[in-house]
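Each chain, letter by letter, is given below.
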Amino acid sequence: MTQTASAEAAHTRKLNRNDCKTLGLASLGGALEFYDFIIYVFFALVLGKLFFPQDIPGWLRQLQVFGIFAAGYLARPLGGIVMAHFGDLFGRKRMFTLSIVLMALPTLAMGLLPTYQSIGIWAPILLLLLRVLQGAAIGGEVPGAWVFVAEHAPPRRTGLACGIITSGLTIGILFGSLIAMAMNLAFTPQQLEDGAWRIPFLIGGVFGLVAMYLRRWLHETPVFSEMQARKALSAELPLKAALRGHRLGMAVSMAATAMLSVTIVVVILMTPTFLQKQFGVPPVEALSANSLAIIALSVGCVVAGLAADRFGGGPVFTVGSLLLGVSSWCFYQTMGQDASWLRPLYTLTGFFAGIVGAVPYLMVRAFPAPIRFSGLSFSYNVAYAVVGGFTPVLLSVWMEASSLALAGYLMVFCLVGLAMGLFLLAWGDRPGLSHPVH
């Protein structure tokens, strides 16, 4: 077989057994790692009572608890940049494994931490340090997972591979929600405070260590191995090269990440509380509908990835942003008039929120292989920390003035997605945003 024929065969091949194993192990690890990162927020009330003095106002205690939660987001850029730097120089697999260790051990330690009653001020300090380690880990895990599977998958299945990984991350959120519901059904509030709260953290830590063990069966990506063999690794700091020569890729990646972060925070994380507060939806109904939306989101991520492979990023973001904008506006507006439509409309909105599954398809193609991990990680983590960090604060204020605050805010970023899709259609195949993944 000639070299041209071999290249063509590699370009057109379908997912094989090894590809499926790689996707399965990477998705499992990503789901468990996202569970570890998110489980903290489901037990914020209990942690506030146990890790801070009882003689301070309740609002201040919760502010401190959520401040520690936010510290995990602030640590994401630093962790992501450092791990991406070494991932571009020494290999994707090493950093991909390190990220899950860096998540599993702090989560396990959280489940074993003494409370304020036992060690005083050291309890919240240690909780903060462990949360920072978790943030650093998730900052490397998500970009690392996208780069790892994209460089393993066949060229024509890049979108599908990234969509499956993104779907796995959302399953981690669902897992955390279901575990929290199960704990609240199985234990009384007093039993949770007496020690049952530790169980979800211990489960996450143990599962993370199991996922770390399973990742030892993964192999370095063919793309990095080839660069290493040809001595084609970046001759300068990868991030410096990305910032200097790939500003367009950075801008598009940050815009895509902004849309992703707002979609997840608004549709999945904030809506259940919003439904209860604004429209009086019972907690069980809100959380059960939220679970359906997360499942639909997971399916939507895979569909968006497949569509990106078939049609490209421009058409997918143009159409997907419009559908998300229309469905979300109908959902939030209808809730103020007829809550009987909660489950079908929330599920539909969750499915169209799956447009975020096409985000990594754009990002892995925005940077050449020698600096891909660093460029993607920097743009993703910085944009997520800024937009994802400020979104809850802005919406908390806006919701006091309007029952359609979530709909209006999400619509703004649907317009960002629409503008990005139209720009990609106009840009076409010109250099700058379509670097070959392999």
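What you see is a predicted model, and the numbers here were worked out from it, not measured in a lab.

This part takes up the overall build of the protein. Looking only at helices and strands, the protein has 19 helices and zero strands in total. Here the C-alpha radius of gyration of the protein, 22 Å, is about what a compact globule of 438 residues would show, namely 22 Å. C-alpha extents for the protein along the principal axes are approximately 75 × 50 × 40 Å. A total of 438 residues make up the protein; the buried ones form 54% of that total.

Moving on to the confidence of the model for the protein. For the protein, per-residue confidence averages 83 on the pLDDT scale, and residues scoring 70 or more make up 92% of the total. Mean pLDDT in the protein bottoms out at helix α1 (residues 3–12), which sits at 47, and peaks at helix α16 (residues 342–352), which reaches 95. Overall, residues 1–9 carries pLDDT values under 50, and its contacts beyond four positions in sequence, including any with other chains, amount to one contact.

Right, let's get into the side chain of Thr263. Within the fold, Thr263 resides in helix α13 (residues 247–279). Apart from residues lying up to four places away in sequence, Thr263 is in contact with Ile268, Leu324, Ala353, Val356 and Leu410.

On to the packing of aromatic side chains. Applying the stated criterion across every chain yields a total of 15 aromatic pairs. Aromatic side chains Phe175 and Phe207 sit 6.4 Å apart centroid to centroid with 15 degrees between the ring planes, which places their arrangement in the stacked category. In this pair, Phe175 is assigned in helix α8 (residues 158–186) and Phe207 in helix α10 (residues 198–215), connecting sequence segments 32 residues apart. What makes Phe175 partly exposed here is its relative accessible area of 25%. Overall, the relative accessible area of 37% leaves Phe207 in the partly exposed class. Ring centres 5.9 Å apart and planes at 75 degrees place the aromatic pair Trp197 and Phe201 in the edge-to-face group. On the basis of relative accessibility, which here comes to 1%, the residue Phe201 falls in the buried class. The ring of Tyr40 has Arg131 sitting right over it, with the charged end atom 5.1 Å from the ring centre.

Residues Ile119, Ile121, Trp122, Ile125, Leu126 and Leu129 make up a contiguous nonpolar surface patch of roughly 550 Å² in combined accessible area. Sort the elements by how many residues they give to the nonpolar patch and helix α7 (residues 122–152) lands first, with four residues. On the secondary structure map, Leu129 appears in helix α7.

Turning next to the pattern of salt bridges. Tallied over the full model, the rule gives two salt bridges. In this structure, Glu193 and Lys49 form a salt bridge, with 3.2 Å as the shortest nitrogen-oxygen distance. Taken together, the positions of Glu193 in helix α9 (residues 189–196) and Lys49 in helix α3 (residues 44–51) put the pair 144 residues apart, joining distant regions of the chain. Classification of Glu193 as partly exposed rests on a relative accessible area of 23%. Put simply, Glu151 and Arg372 hold a salt bridge, and the shortest N to O gap is 2.8 Å. Highlighted residues: Glu151 in helix α7 and Arg372 in helix α18 (residues 372–398), separated in sequence by 221 residues. The residues Glu151 and Arg372 share a single accessibility class, namely buried.

With that settled, the discussion passes to the state of the cysteines. For the structure shown, the criterion picks out zero disulfides. Looking at Cys162, it has no disulfide partner, and the nearest cysteine sulfur is the one in Cys301, 11 Å off. Residue Cys162 is classed as buried on the basis of its relative accessible area of 0%. Left unpaired, Cys330 is separated from the closest cysteine sulfur, that of Cys414, by 12 Å.

Looking now at the environment of Gly172. Note that Gly172 resides in helix α8. It is 32 Å that separates the C-alpha atoms of Gly172 and Gln54, two residues lying 118 residues apart in sequence. Setting aside anything within four residues of it in sequence, one finds Gly172 in contact with Ala31, Phe34, Tyr35 and Ile38.

Before going further, it helps to spend a moment on the environment of Val319. With respect to the helices and strands, the residue Val319 is situated in helix α15 (residues 313–335). The class of Val319 is partly exposed, set by a relative accessible area of 48%. Put simply, Val319 and Ala182 are 137 residues apart on the chain and 38 Å apart in space, counted from C-alpha to C-alpha.

A word on the packing of α18 against helix α19 (residues 405–427). At a minimum axis separation of 10 Å, α18 and α19 run at an interaxial angle of 145 degrees. Here α18 runs over α19; the crossing is right-handed. Facing Val387, Thr391, Leu394, Leu395 and Trp398 of α18, the residues of α19 in contact are Ala405, Leu406, Gly408, Tyr409 and Phe413. Classifying every residue of the contact of α18 with α19 by side-chain character gives eight nonpolar, two polar and no charged.

Assignment of secondary structure puts Val437 in the segment after α19. Given the relative accessible area of 7%, Val437 is considered buried. C-alpha of Val437 to C-alpha of Ala186: the two residues are 251 residues apart in sequence and 48 Å apart in space.

Before going further, it helps to examine the side chain of Thr257. Structurally, the position occupied by Thr257 is in helix α13. The residues contacting Thr257, other than those within four sequence positions of it, are Val359, Met363, Ser379, Tyr380, Ala383 and Tyr384.

A word on the packing of α13 against α19. Relative to each other, α13 and α19 sit at 150 degrees, their axes nearing to 10 Å. Judged by the angle between their axes, α13 and α19 are roughly antiparallel. For the element pair α13 and α19, the recorded crossing hand is left-handed. Partitioned by chemical class, the residues of the contact of α13 with α19 number 19 nonpolar, three polar and no charged.

Rules used throughout
Residues numbered from 1 in each chain as written. Predicted model: local features only at pLDDT ≥ 70, side-chain atom pairs only at ≥ 80, totals over all residues. Heavy atoms only, no water. Helix = DSSP H or I, 4+ residues; strand = E, 2+ residues; numbered from the N terminus. Rg over C-alpha atoms; globule rule 2.2 N^0.38 Å. Buried < 20%, exposed > 50% of the residue type's maximum accessible area, 1.4 Å probe, protein only. pLDDT = per-residue confidence, 0-100. Contact = heavy atoms within 4.5 Å. Phe/Tyr/Trp six-rings, centres within 6.5 Å; stacked < 30°, edge-to-face > 60°. Lys NZ or Arg CZ within 6 Å of the ring centre and 35° of its normal. Patch = residues over 30% accessible without salt bridge, like charges linked within 9 Å, V, L, I, M, F, W, Y side chains within 5 Å. Areas by Shrake-Rupley, 256 points an atom, 1.4 Å probe, with all protein chains shown as cover. Salt bridge = Lys/Arg side-chain N within 4 Å of Asp/Glu carboxyl O. Disulfide = S-S within 2.5 Å. Axes fitted to C-alpha atoms, helices over the stretch in contact; angles between N-to-C directions. Left-handed = near helix turned anticlockwise from the far one by under 90°. Nonpolar A, V, L, I, M, F, W, Y, C, P; charged D, E, K, R; others polar. Parallel < 35°, antiparallel > 145°, perpendicular 65-115°, else oblique.

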